[in-house]
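Listed below, chain by chain, are the residues.
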Amino acid sequence: MEEDLLLNGTERICVDGEVTLIPSPTNSPNDPLNWSKPRRYWHAFLVLVFVALTAATANDAGNAGNGMNADLGITWEQINTAAGVLFLGIGYTTLLLGPAPFLYGRRISYLICLVFSVIGAIGLARTQNVGDNIWSQLFVGASESCAEALAQLSLSDLFFQHQRGMVLGLYVLATSIGTFMGPMISGFVTDSPLGWRWVGWLAAIISGGLIFVFYFTLEETFFDRNNPIRGHDAPPGKTERTSNDLPLDKKDEPIASVQPTLSDSGLDEECGQEKGNTYFQRIALITPSPTLVGTGFKQYFRRLLHTLRVFTFPAVLYSGLQWGAQDAWLTFYLTVEADNWYGPPWNYSDTEVGIMNVPTLIGAVLGCIYGGWFSDFFVMWMAKRNKGIFEAEYRLWLLLPVAFIGPAGLMLFGIGSDKGWDWHRPYVGLGLIGFGWGCAGDLSMAYLMDAYPDMVLEGMVGVSVINNTIGCIFTFTAQNWLDAQSLAQVFIAIGVLSFASIMTTVPMMYWGKTCRKMTRKQYEAFLLLRDGPS
């Protein structure tokens, strides 16, 4: 039976007890959705390793900072300045590299970022003054840019829409492992005979090894889904007509997120004869887009300016706020761990301060399960209750408990650190903070991908710019705030701010579908300008 076209973020995913696959599969052997499980899982594994590594290197300089302070006289205020520059490096390199995956393929951006990682890590290892530290953190931040947007796009290339909660759960889990294990490992390294400079050397060695692994085993996942018969061989500037181009029969009806079903896509027996790409084609450094004209220089900057339009979509602003708030609070509790727990009554070593990230990681793992696997189960259950119709806002229900859990953790940790409580209660607070970290990012990003499924990369670029700008602002101001008030006062205040930021979920639940309707034509125009003839 022919399916109705539905609003973006509103999909018919369950018909007669079966899940309708979105996007619709093709017959092409080059479609990543048709790859064998080992190929898909290996690619996903590499992407997640990259995400974990860059998250670790972006957060391991804190323990190295003790060595910088002791050996080089670099103050913690200057170290925090470098951390603020790191946030800027992440957010704005994500924006600058945004057009590359669509014009030149996914692989080249990962390799560039791994080179940045090597440069930043060597810079950290060879730091002699404040300027060296700032420059190293700029490159470390730039190396994480692919983990902010391209990683989600790569994972969405490999899995269907109804699996995105699970996939993003794994993404946030990898981010959490890197974010919380990075400081722990760097604490061990700093306490060892190797010393703090080996935090950078080890990162450089691992990043260098990954360049080799990525070059020879990370396959290109770019696939022209608008032209599945000819794959990448379509003439430049031409694409086949899809549901994204369909005229609207009614003002309130369907939008461009639903791909044509296999039966309607015009595939014939010849499609089954399409040859798969050779190994060297699959690992080519650059896979040109079918629409690439010449070197693509003009197209690159046109797309870069075009990407700025994402900041007019409410779901992008909402998701950026959720992730940005988590980055902001991260600065506060990591700073307190480094500043306060070395002294009485705890008198922790670098290793013990690093181990403080274990309860946060445990909470994040539980949060990723809740916001990932369970959210997929939840939205499928909600869709079945709604006659097989899935609404993007279904996932947001799961954020409401997080509005209380995350802030409670912040307050518990902050008050406990201020009052000198025994470690048990502050560690419980860290676990609750980690749970909020795992849920807020996972669910808000899944919502954005559900709402605008053909705008994954650009949407995540917008989220990255917003969240890292927020993180940068709070990093520059955190120390001044902590100096001006007691820890209890600061953490009660940021607990209230955390509650307020997560509770913006309520108006998004209520008006989210209205916002999607209002941005329907805007979304279609965005896709048309992005994918149309140059």
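Residues numbered from 1 in each chain as written. Predicted model: local features only at pLDDT ≥ 70, side-chain atom pairs only at ≥ 80, totals over all residues. Heavy atoms only, no water.

### Considering the nonpolar core
Side chains of a nonpolar character, in soluble globular proteins, are inclined to be buried together.
Next up, step 1: Counting 113 residues, the largest nonpolar core has Tyr110, Tyr171, Phe214, Tyr333, Phe413 and Phe491 as the members making the most contacts within it.
Next up, step 2: Ignoring sequence-local partners within four residues, the contact set of Phe491 consists of Phe332, Tyr333, Val336, Leu410, Met411, Phe413, Gly414 and Leu482.
Next up, step 3: Membership of the second largest hydrophobic core comes to 8 residues, among which are Ala64, Ile74, Ile79 and Leu124. (Core = buried A, V, L, I, M, F, W, Y, C linked by side-chain atoms within 4.5 Å. Buried < 20%, exposed > 50% of the residue type's maximum accessible area, 1.4 Å probe, protein only. Contact = heavy atoms within 4.5 Å.)

### Things to note about the environment of Phe214
Next up, step 1: Here Phe214 lies in helix H10 (residues 197-217).
Next up, step 2: For Phe214, a relative accessible area of 1% corresponds to the buried category.
Next up, step 3: Separated by 100 residues in sequence, Phe214 and Leu114 have C-alpha atoms that sit 9.3 Å apart.
Next up, step 4: The contact partners of Phe214, leaving out residues within four places of it in the chain, are Leu46, Phe50, Arg107, Tyr110, Leu111 and Leu114. (Helix = DSSP H or I, 4+ residues; strand = E, 2+ residues; numbered from the N terminus.)

### Focus: empty space enclosed by the protein
Next up, step 1: Taken as a whole and assessed by the stated rule, the structure comprises 9 cavities of 30 Å³ or more.
Next up, step 2: There is about 730 Å³ of room inside the largest cavity.
Next up, step 3: Along its surface, the largest cavity is lined by 45 residues, and Ala58, Asn59, Ala83, Leu330 and Leu334 are the ones closest to its centre.
Next up, step 4: Tallied by class, residues from the lining of the largest cavity come to 24 nonpolar, 17 polar and 4 charged. (1 Å grid on protein atoms, 1.4 Å probe; cavity = no way out; pocket = protein on both sides within 12 Å on 5 of 7 lines; lining within 4 Å. Points joined across faces, edges and corners; volume = space filled by probe spheres on them. Nonpolar A, V, L, I, M, F, W, Y, C, P; charged D, E, K, R; others polar.)

### Observations concerning the packing of helix H9 (residues 164-191) against H10
Next up, step 1: Interaxial distance between H9 and H10 falls to 8 Å at its minimum, and their mutual angle equals 125°. Relative to H10, the element H9 lies oblique. Handedness of the H9/H10 crossing: right-handed. Contacts between H9 and H10 involve Ser186, Val189 and Thr190 on the former and, on the latter, Trp198, Val199 and Leu202.
Next up, step 2: Here the contact of H9 with H10 is built from residues that sort into 4 nonpolar, 2 polar and no charged. (Axes fitted to C-alpha atoms, helices over the stretch in contact; angles between N-to-C directions. Parallel < 35°, antiparallel > 145°, perpendicular 65-115°, else oblique. Left-handed = near helix turned anticlockwise from the far one by under 90°.)

### A look at the packing of aromatic side chains
Next up, step 1: Using the criterion set out here, one finds 36 aromatic pairs in the structure.
Next up, step 2: Taking the centre distance of 6.2 Å and the plane angle of 90° together, the rings of Phe313 and Phe526 count as edge-to-face. Highlighted residues: Phe313 in the loop between helix H12 (297-307) and helix H13 (314-340) and Phe526 in helix H22 (residues 520-531), separated in sequence by 213 residues. Across this residue pair, the class does not change: Phe313 and Phe526 are buried.
Next up, step 3: Here the aromatic rings of Trp341 and Tyr427 are separated by 6.2 Å at their centres, their planes lie at 45°, and the arrangement is tilted. (Phe/Tyr/Trp six-rings, centres within 6.5 Å; stacked < 30°, edge-to-face > 60°.)

### Some remarks on a nonpolar patch on the surface
Next up, step 1: Residues Phe212, Tyr215, Phe216, Tyr279, Phe280, Leu285 and Ile286 make up a contiguous nonpolar surface patch of about 710 Å² in total accessible area.
Next up, step 2: Breaking the nonpolar patch down by element, the ones donating at least two residues are H10 and helix H11 (279-282).
Next up, step 3: A per-element tally of the nonpolar patch places H10 first, with 3 residues.
Next up, step 4: By secondary structure assignment, the location of Tyr215 is in helix H10.
Next up, step 5: Here Tyr215 falls in the partly exposed class, since its relative accessible area comes to 33%. (Patch = residues over 30% accessible without salt bridge, like charges linked within 9 Å, V, L, I, M, F, W, Y side chains within 5 Å. Areas by Shrake-Rupley, 256 points an atom, 1.4 Å probe, with all protein chains shown as cover. Salt bridge = Lys/Arg side-chain N within 4 Å of Asp/Glu carboxyl O.)

### What about the confidence of the model for the protein?
Next up, step 1: For the protein, the average pLDDT comes to 85, and 87% of its residues sit at 70 or higher.
Next up, step 2: When mean pLDDT is taken per element in the protein, helix H5 (residues 107-125) scores highest with 97 and strand S2 (residues 14-15) scores lowest with 52.
Next up, step 3: For the stretch residues 230-272, pLDDT sits under 50, and the model shows 95 contacts to residues farther than four places along the chain or on other chains. (pLDDT = per-residue confidence, 0-100.)

### A short note on the pattern of salt bridges
Next up, step 1: Applying the stated rule across the entire model yields 9 salt bridges.
Next up, step 2: Asp376 is the partner of Arg395 in a salt bridge, and the nearest nitrogen-oxygen pair spans 3.2 Å. You can see Arg395 sitting in the loop between strand S4 (389-391) and helix H17 (402-419) and its partner Asp376 sitting in helix H16 (residues 373-385), a full 19 residues away along the chain. Residues Arg395 and Asp376 agree in their burial class; the two are buried.
Next up, step 3: Residue Glu391 pairs with Lys513 through a salt bridge whose shortest N-O separation is 2.9 Å. Pair noted here: Glu391 is in strand S4 and Lys513 is in helix H21 (residues 505-518), with a separation of 122 residues, a long-range link.
Next up, step 4: Glu391 sits in the buried class, given a relative accessible area of 10%.
Next up, step 5: Sharing partners across several salt bridges, the network here consists of Glu391, Glu393, Lys513 and Arg516.

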